[in-house]
Every structure is written in C-alpha cells, then in structure tokens.
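So you can see what is in the structure, the chains are spelled out below.
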Amino acid sequence: MNTAAAFADFRSYPLISALTAVQALADRVQVQWADGRLSPFHHQWLRDNCPCPVCVYSVTREQVLEIVDVAEDLKPSASRIDADGCLCIDWQDGHSSRFDPGWLRAHAYDDESRAERRASKPKSQLWNSNLKLPVFEYQAVMDDPKALLQWLLALRDIGLTQVRGVPTEPGSLTQIAKRISFIRESNFGVLFNVQSKADADSNAYTAFNLPLHSDLPTRELQPGLQFLHCLVNEADGGESIFVDGFAIAEALRQEDPEAFHSLCDIPVEFRNKDRHSDYRCLAPIIALDALGQVTEIRMANFLRGPFDASAEQMPKLYHAYRRFIAMTREARFRLMTRLNPGEMWCFDNRRTLHARNAFDPATGARHFQGCYIDRDELLSRILVLQR
Ligand code: OGA
Ligand code: ZN
Ligand code: ZN
C-alpha cells in the first residue's frame, strides 16, 4: 500500500525536513519542521490545497474544488502529524485533508521559505563580448536527454547557443527543433528560407546588412527561440553578430536611467506588411516583470513605424532610442562569428539581439533556414526532463 499522501502534481517533492509539531491558532495552523523553521498555513489555504480525490481529479491532477464552495470561516476540528509524517486536518464540516511534508515544505510561505524559493529561481547570466560561446553537438542533443537538457539550460540562462554537426539537407532543422517541441509557424512559413530574393517580403531576404534586432517584434508575443541553420555560406560577408539585450538594458539602466525608463514606458509600433498580411504591434522596447527585472527586448529598426508620442516625450524617446542603438554597436557587447554549413544558432529571440553583415551574392551562394519555438515550450521541456 502506498502510504504517502497524494499531491496535485506530476513531479516529486523530496522530504527536505520532517514535520515535528503542529500548533492550532485562530485563523491558521503553524507547523514546526525538524530544522526549526516555523511555517504558518491559513485554514483557507490548507482547505484550498486539499489533495484528496474529491478535491483533485487524480487523472489530470487538477483541482475540482473551488474554495468559494466552503465556508470562509471553516476551521479544523483536529490537526496532527500521522505515522507517515503527513499533516492531517479534520475539518468542522466533516472533510479531511492529508498533506505530504515534501510538498508542504516546497509550498510553505513563511518569509524564509519564500526568500529561498526566490533565490533558487533560474537567473539570466548576463554576457558581453567575452562570452565563451556555449557549443553543443547535434548527435548528442538528438540521442542523449542529458545533453539535450544541458543545451536547453544554456538557452534559458545564457540565451545564445551554437549547435554543430547538423545535417545540411534542407529541412534538417525540423528534427532538432522537435527535440524541444512543436514549431511556431508564421507568415514566413513553418521553416523560413533566408536567401537573397528579388521579390523579398522582408529586408532579411536581401543581401543588405541587418542591424541588431529581434524577429517578429510585430507580434504581441515575439517568438521565444529562434533557430538559424546554415546550409550554404559561400558569399563574402554575412557574418553573424549577437548582443545580450538584457545586458545592454541593465547597462542603460545604470548609465542613463531616464533613457532606460523611456524605453520601458513609451510604446513604439513595429510593422510587418506585404500584399497579403499586415501585422502591427505597439509595445515598449524594454519589458519588465513585476519585480522590475528585464524580461524582454523588442527591437528591429527596419520594422519600426513612425514614433507616436507626445511633443514632450518625443525628444526623450529619440534620445533613448539612439542611446540604446548606439550601445548595441559598442564593441564591449558584441560577439561576431561567421556561421559555417552544418552549424546552427539557437537563441532567445526576446533577449539576444542578432544581426548580419551585408554579403555579396555575386561571390557565392548563401542559404540559411530558420524557425521559431515559444519560450513556454522550452521551459516546459526543461521541467519535464528534470522530473
Ligand atoms: C533573419 C536574420 C540573419 C542572417 O532572417 O531575421 O536575422 O544571418 N537573418 O541572415
Ligand atoms: Zn479534499
Ligand atoms: Zn532576424
């Protein structure tokens, strides 16, 4: 018989510290752990998170209970730690709940536990021109889940990787992209072909230089990951350049805080239009999360519409925009490398800006294929590989 309590999840929660005591207070239960930590759990919180088969459907492990359906002042009639170390609560309305101590500790919300969780969240490792480029082997990533996980962690935390040994047949990109998840299609196709074309529907499909940019800033949600796979690269020029957009944003925050705030606050429109489609998105160039951390850079000068800001804001916006672009051109941030056939860039398109130097199509062929996958897919794949 499985004596461990169930929980509403598919991962496991190791026992970090055992429960040693339970104390009943007016609106909460306070537990003590073997390492001395005290964690309060409000009655509502405990009832809300009851993992029993009535409250959570065991197949989906999703909640069925809605907390509004139990009394707001519901209290335990008894609470104790059972022989398996689980916290057991009998409620005044006759319901009973049993909590796994590993799960409970992982979700405890005393100040110390919350600070610990914040500290253990993955953090972006900012980089500059000195980055030692994280390089991975195609065959290892395809065959070995551990190598796959290492690659994905580098994508999450550094945001720029190269994969070598990718077959150079057109379409090979699909297999490695699918190691992460399904591809995000766009108006440029499931896979897009980066080649100089007479009837180009983007500056990307010319031989012009492309300044540092993110792809599809014209969409409410920019693609999270971008793949660029080199099939042929015989033309002079066309080197790839990358900068860490988060590192530049942080440097701007230090060096010119007013410009940083202008880019966070003033929305800018990006446009991608051709004969059959018309995508527009109005959003700030720098996006912050609830804690003020930079989470996204949106930038492509060749896709930008005219600025629309108040007369008072316009000079501030131009100053900030020029300053940001000037920083993307500074040697301290830039990494430049030429991609060879069988090599592939994979990077966080919402963080790492990419560019290419102009190339001369008269000197030889150049053919890259690309595709996108959303950030959510990367993060989900990492969590499943880590289970
Ligand atoms: C693009 C792009 C880079 C390159 O197609 O969006 O940035 O090296 N291409 O051609
Ligand atoms: Zn229940
Ligand atoms: Zn691009």
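Bear in mind the structure is a predicted one, so any value in this text is a computation, not a measurement. Starting from 1, residues in each chain are numbered consecutively following that chain's sequence as written. The order in which chains are written sets their letters, starting at A; the order in which ligands are written sets their numbers, starting at 1. Selection of residues for local features in this predicted model requires a pLDDT of at least 70, selection of side-chain atom pairs for listing and counting requires 80 or more, and totals for whole chains, interfaces and linings are taken over all residues. The side-chain quantities take in all heavy atoms of the structure and omit both hydrogens and water.

Chemist: How should I be thinking about the nonpolar core in this particular structure?
Modeler: Buried residues of nine kinds, namely Ala, Val, Leu, Ile, Met, Phe, Trp, Tyr and Cys, make up a nonpolar core once their side-chain atoms join them within 4.5 Å. When accessible area is computed with a 1.4 Å probe and restricted to protein chains, residues below 20% of their type maximum are described as buried, those above 50% as exposed, and intermediate ones as partly exposed. Core analysis: the largest hydrophobic core is formed by 32 residues, its most contacted members being Leu-263, Ile-285, Ile-286, Ile-297 and Phe-324. Runs of E in the DSSP output that reach at least two residues are strands. Runs of H or I that reach at least four are helices, and both are numbered from the N terminus. Of all the secondary structure elements, the ones that give two or more residues to this core are β15 (240–244), α7 (245–255), α8 (257–265), β16 (268–273), β19 (294–297), α9 (314–328) and β22 (352–356). Throughout, a contact is declared for two residues whenever any of their heavy atoms are within 4.5 Å. Every residue in contact with Ile-286, bar those within four places of it in the chain, is listed here: Ala-249, Phe-260, Leu-263, Cys-264, Val-294, Glu-296, Ile-297 and Phe-324. Formed by 27 residues, the second largest nonpolar core is a distinct cluster that contains Leu-148, Leu-152, Leu-173 and Ile-183.

Chemist: Honestly, the side chain of Arg-366 in this entry has me stumped. Any pointers?
Modeler: Note on placement: Arg-366 falls in strand β24 (residues 366–373). In this charge count, Lys and Arg are treated as positive and Asp and Glu as negative; neither His nor the chain ends contribute. The term salt bridge refers to a side-chain nitrogen of Lys or Arg lying within 4 Å of a carboxyl oxygen of Asp or Glu. Buried charged residue Arg-366 carries no salt bridge. Nearest counter-charge: Glu-239, at 7.8 Å. From its side chain, Arg-366 meets the backbone oxygen of Gly-238 in a polar contact 3.0 Å long. Polar contact is defined as a pair of N or O atoms within 3.5 Å, subject to the rule that within protein one atom must be able to donate a hydrogen and the other to accept it, and that residues adjacent in sequence are counted only when both atoms are side-chain atoms.

Chemist: When you look at empty space enclosed by the protein in this model, what are you seeing that I'm missing?
Modeler: Only protein atoms enter the 1 Å grid, on which a cavity is a set of points fitting a 1.4 Å probe that cannot get out and a pocket is an open set with protein on both sides within 12 Å along at least 5 of 7 lines, lining residues being those with an atom within 4 Å of a point. Grid points are joined across faces, edges and corners, and a volume is the space filled by probe spheres set on the points. All chains considered together, the criterion is met by two cavities of 30 Å³ or more. Size it by volume and the largest cavity reaches roughly 330 Å³. Lining the largest cavity we find 27 residues, and of these Ala-204, Leu-210, His-213, Asp-215 and His-354 sit closest to its centre. Of all the elements in the fold, those that place two or more residues in the lining of the largest cavity are β11 (192–194), β12 (210–213), β13 (225–233), β15, β22 and β24.

Chemist: I would appreciate a short explanation of the layout of surface pockets in the present structure.
Modeler: Left-over empty space is what a probe sized like a water molecule reveals as it rolls over the atoms. Size it by volume and the largest pocket reaches roughly 1,700 Å³. Around the largest pocket sit 43 residues that line it, and Arg-117, Ser-120, Lys-121, Pro-122 and Lys-123 are the ones nearest its centre. Counting residues per element, the lining of the largest pocket draws most heavily on helix α10 (residues 375–386), at seven residues. Residues belonging to the lining of the largest pocket are distributed by class as follows: 14 nonpolar, ten polar and 19 charged. Empty space within the second largest pocket amounts to approximately 260 Å³. If you trace the second largest pocket, you find 16 residues lining it, with Ala-5, Ala-6, Phe-7, Pro-51 and Cys-52 closest to the centre. Of all the secondary structure elements, the ones that give two or more residues to the lining of the second largest pocket are β4 (56–57) and β8 (96–99). The residue classification treats Ala, Val, Leu, Ile, Met, Phe, Trp, Tyr, Cys and Pro as nonpolar and Asp, Glu, Lys and Arg as charged. All others, Gly included, are polar. Considering only residue class, the lining of the second largest pocket consists of ten nonpolar, three polar and three charged.

Chemist: How should I be thinking about the packing of α8 against α9 in this particular structure?
Modeler: Two quantities define a packed helix pair, namely the angle between the axes and the distance from one axis to the other. Orientation of α8 relative to α9, taken along the N-to-C sense of each, is 105°, at an axis distance of 9 Å. Judged by the angle between their axes, α8 and α9 are roughly perpendicular. Together, Glu-258, Ala-259, Ser-262 and Leu-263 of α8 and Lys-316, Leu-317, His-319, Ala-320, Tyr-321 and Phe-324 of α9 make up the contact between the two elements. Looking at the contact of α8 with α9 residue by residue, the class counts come to six nonpolar, two polar and two charged. For helices, the axis comes from a line fit to the C-alpha atoms of the stretch in contact; other axes are also lines fit to C-alpha atoms, and the angle between any two N-to-C directions lies between 0 and 180 degrees. When describing relative orientation, an angle under 35 degrees is termed roughly parallel and one over 145 degrees roughly antiparallel, while 65 to 115 degrees is termed roughly perpendicular and anything else oblique.

Chemist: I'm lost on the sheet that holds strand β1 (residues 19–24) in this one. Help?
Modeler: The strands that make up a sheet are held in pairs by hydrogen bonds between backbone atoms, and each pair lies either parallel or antiparallel. Pairing between strands is defined by DSSP: at least two bridges between them are needed. Overall, antiparallel pairing links the three strands, which are arranged β1-β2-β3 in an open sheet. Strands with a single pairing partner mark the edges of an open sheet, and in this sheet they are β1 and β3 (38–42). This sheet shows a mean twist of 25° between the axes of neighbouring strands, independent of strand direction. Where strand β2 (residues 28–33) and β3 come together, five bridges link them in antiparallel fashion. Counted as the bridge partner of Arg-28 is His-42 from β3.

Chemist: So what exactly am I meant to see when it comes to the coordination of the zinc ion (ligand 2) here?
Modeler: The expected angle between donors at a tetrahedral four-coordinate metal is 109.5 degrees. At an octahedral six-coordinate metal it is 90 or 180 degrees. Each metal's donors are the N, O and S atoms found within 2.8 Å of it, except that Na, K and Ca use a 3.2 Å limit; water is left out, so coordination can look incomplete. The protein atoms that coordinate the zinc ion (ligand 2) are Cys-50 (SG), Cys-52 (SG), Cys-55 (SG) and His-95 (NE2), at distances spanning 2.1 to 2.3 Å. Any coordination sphere not matching a tetrahedral pattern (four donors, all angles between 85 and 135 degrees) or a square planar or octahedral pattern (four or six donors, opposite donors over 155 degrees apart, other angles between 65 and 115) is reported as irregular. What the four donor atoms of the zinc ion (ligand 2) show is an angle range of 102 to 116° at the metal, which sorts the shape as tetrahedral. Here the donor residues for the zinc ion (ligand 2) map to a single chain with the spacing C-x1-C-x2-C-x39-H. Of this pair, Cys-50 sits in the loop between α1 (43–48) and β4 while His-95 is found in the loop between β7 (87–91) and β8, placing the two residues 45 residues apart along the sequence. Like Cys-50, the residue His-95 is buried in the burial classification.

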